[in-house]
Structure formats: C-alpha cells, structure tokens
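Secondary and tertiary structure notes
Listed below are the residues making up each chain.
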Amino acid sequence: QVQVVESGGGLVQPGGSLRLSCAASGTSGSIVSISIMGWYRQAPGKQRELVATHTSGGTTNYADSVKGRFTISRDNAKNTVYLQMNSLKPEDTAVYYCKLDRVVVTPTYHNYDYWGQGTQVTVSS
C-alpha cells in the first residue's frame, strides 16, 4: 500500500557528513498523513535502536549519542524524512532504517506502520 525508499548511505571518514533520505509514496492510494517519521539503526551484533524521530506537530527527539551531531527534518508535501549526520564517528556505523508510524492512506483511511529497507552507513578511515 505504501512504498518506502531510503537513500544516502555510504562510506565516509570519521568527522565527515552524510544525509539520508526516506520517501514514502502510496501504491494503491494516496498518503493523507504520517504521524511520526523516524530513523533507527542496527549495528552488527546489536539490537536496533532509535536515532531520531519527528512528529507531524514538529517535535523532535534524539538519542543521547547523536545529539548535537544529527538533525532530523521532514517535508510533509513530499512525505519525506531526512537525517543530516555530521561529525560522524566509527561507532555510528550501522544499517539505518526509517520508520513511519500511523500512515493514513486513501481510500480506506486506515493507518499502518512501515519500515524502510535499510541503508548502510560505514564510518572508517
């Protein structure tokens, strides 16, 4: 019902920057609203953890480990969420997933949660 496409991952040196994007589009209808758009990450051998979230009302939330370095933003007209990552560290290496909570779509106006397919971010010299 909704296609979620992530992009922007890659290999970067410590101290570098990357910008991730996650765009949602309806496959059998249109997206009416998305309550929360967020980013999570999972490093090898570790559990998936929250990185940042952005509500439709504009409230943002960050993991302590990324505060001051990462910025989440969203473009509601494009149903897209971004994660600007600066001052990257080797410990930021992980697969990054976007998550969309309570996506309302036509024609049912039901809401569903969706995960992106993940994009690899590797921070290494």
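Below, the structure is looked at part by part. (Residues numbered from 1 in each chain as written. Predicted model: local features only at pLDDT ≥ 70, side-chain atom pairs only at ≥ 80, totals over all residues. Heavy atoms only, no water.)

Thoughts on the sheet that holds strand S3 (residues 18-26)
Spatial ordering of the open sheet is given by S1-S3-S8-S7, a layout of 4 strands whose pairing is antiparallel. The two strands at the open ends of the sheet, each matched to only one other strand, are strand S1 (2-7) and strand S7 (70-75). Across the sheet, the mean angle separating the axes of adjacent strands is 15° when strand polarity is ignored. Pairing of S1 with S3, which is carried by 6 bridges, proceeds in the antiparallel orientation. Considered in S3, the bridge of Val 5 is made with Ala 23. (Pairing = 2+ DSSP bridges. Helix = DSSP H or I, 4+ residues; strand = E, 2+ residues; numbered from the N terminus. Axes fitted to C-alpha atoms, helices over the stretch in contact; angles between N-to-C directions.)

Considerations on the state of the cysteines
Here the structure, examined in full by the defined rule, presents 1 disulfide. Between the sulfur of Cys 22 and that of Cys 98 lies a disulfide, 2.0 Å long from S to S. Every disulfide takes its handedness from the sign of the S-S torsion; for Cys 22 and Cys 98 that torsion is 40°, giving right-handed. Pair noted here: Cys 22 is in strand S3 and Cys 98 is in strand S9 (residues 94-105), with a separation of 76 residues, a long-range link. Exposure remark for Cys 22: the relative accessible area of 1% places this residue in the buried category. Looking at Cys 98, the relative accessible area reads 0%, which means it is buried. (Disulfide = S-S within 2.5 Å. Buried < 20%, exposed > 50% of the residue type's maximum accessible area, 1.4 Å probe, protein only.)

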